[in-house]
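Architecture and fold: a report
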Amino acid sequence: MADRPWHRSLIKTGVRLFLGGSRAHVQDWFPGLSIVRSQNVSEVLYRGVKVASLAGMDRLRERCGDAVYIVGSGPSIRDSDLSGLEFRSAILLNGAIRLSGDRIAEPLAIAVEDERFVWRHLDMLREKVAPGSLCLFSVAVLRALCEIDKSWLADKTIILIDDIRKPYGARRRSLDDLKKLQYVRLDAEGSAGFSLSPDRGVFLGGSVAVSALQFALYCAKHQVGFLGIDISNAGEPRFYETAGDTAFSGIARAEARIIEHLVLARQIAAERGVSFVNYSRVSALLKYDFGYDDRFALKPQA
């Protein structure tokens, strides 16, 4: 399936033209999707009909132990032995969902932020995401899923990835707006940020790994691990792709943006006594003093 159907490109262009840049993200939920959040009700509606309930981030925290692993779909996953991962400790990003029920018995959660993944890999989602799974989904992902098969969401537990800079139902926030939020940390330049309250929005930073990390650090007691977060080799096929069928990735181009968010997060984690551990020997994280731990490296056969 194509990365995005043509009608979505038309809607994206039209919304920006008619509403301007500060409201261009209305295209994420238009038409049909609405999200209701109050003290009593948190749910997702599509064309006026409830399709899913929204859970809070505490549902994630109550499921996890001392360590949380953020597992991407970088090529290095092929060379990783994931059998040592603790039960319900992994947040699987995008195509890493394919590991669920196979090399990873049961993940802590899955996370999808870019609707293009939904249009391209809906069959993978249907096959690998079990009823009751915790799903971190963006507004655009929820709307895309509703467009294709709204009933699929009914038996999933949904936690919203809301873009703190471009929040659902509101105008785009300026840097001054962000500085006023008590649950936000920004770097010196204001280009990278971190949300201490992911329920109220997270900073999107060029990769769903950045968003997932804000949830992970909210939950983790001692460690956040990174597997398959390679970044440096984003031009190569992901572990589940072949050379002739590879979706475009903007990860390499977004490396600087991704890293500045992770470096800020590492500083916040250190203040909380939580360590970051990189388990990919080819990751761009190596260039930024994240180090490498070979705990999950495949051992050569004797």
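Residues numbered from 1 in each chain as written. Predicted model: local features only at pLDDT ≥ 70, side-chain atom pairs only at ≥ 80, totals over all residues. Heavy atoms only, no water.

An unreviewed UniProt entry lists the protein under the name Glycosyl transferase, with Rhizobium miluonense given as the organism.

Further remarks concern the packing of aromatic side chains. Summed over all chains, the structure comprises eight aromatic pairs. With centroids separated by 5.8 Å and ring planes inclined at 90°, the aromatic side chains of Y69 and F296 adopt a geometry described as edge-to-face. Of this pair, Y69 sits in strand β4 (residues 67-71) while F296 sits in the segment after β12 (275-278), and the two are 227 residues apart along the sequence. Exposure class is identical for Y69 and F296. Each is buried. A ring pair is formed by F226 and F290, whose centres lie 6.4 Å apart and whose planes are at 90°; its orientation type is edge-to-face. Separated by 64 residues along the polypeptide, F226 in strand β11 (residues 223-227) and F290 in the segment after β12 bring together distant segments of the chain. Judged by its relative accessible area of 0%, F226 falls in the buried class. (Phe/Tyr/Trp six-rings, centres within 6.5 Å; stacked < 30°, edge-to-face > 60°. Helix = DSSP H or I, 4+ residues; strand = E, 2+ residues; numbered from the N terminus. Buried < 20%, exposed > 50% of the residue type's maximum accessible area, 1.4 Å probe, protein only.)

So, on to the state of the cysteines. Counting across every chain of the model gives zero disulfides. Unpaired in terms of disulfides, C64 finds its nearest cysteine sulfur in C219, a separation of 4.5 Å. Summary of cysteine pairing: C146 is not part of a disulfide, and the nearest cysteine sulfur, belonging to C135, is at 13 Å. Note on C146: relative accessible area 4%, which makes it buried. (Disulfide = S-S within 2.5 Å.)

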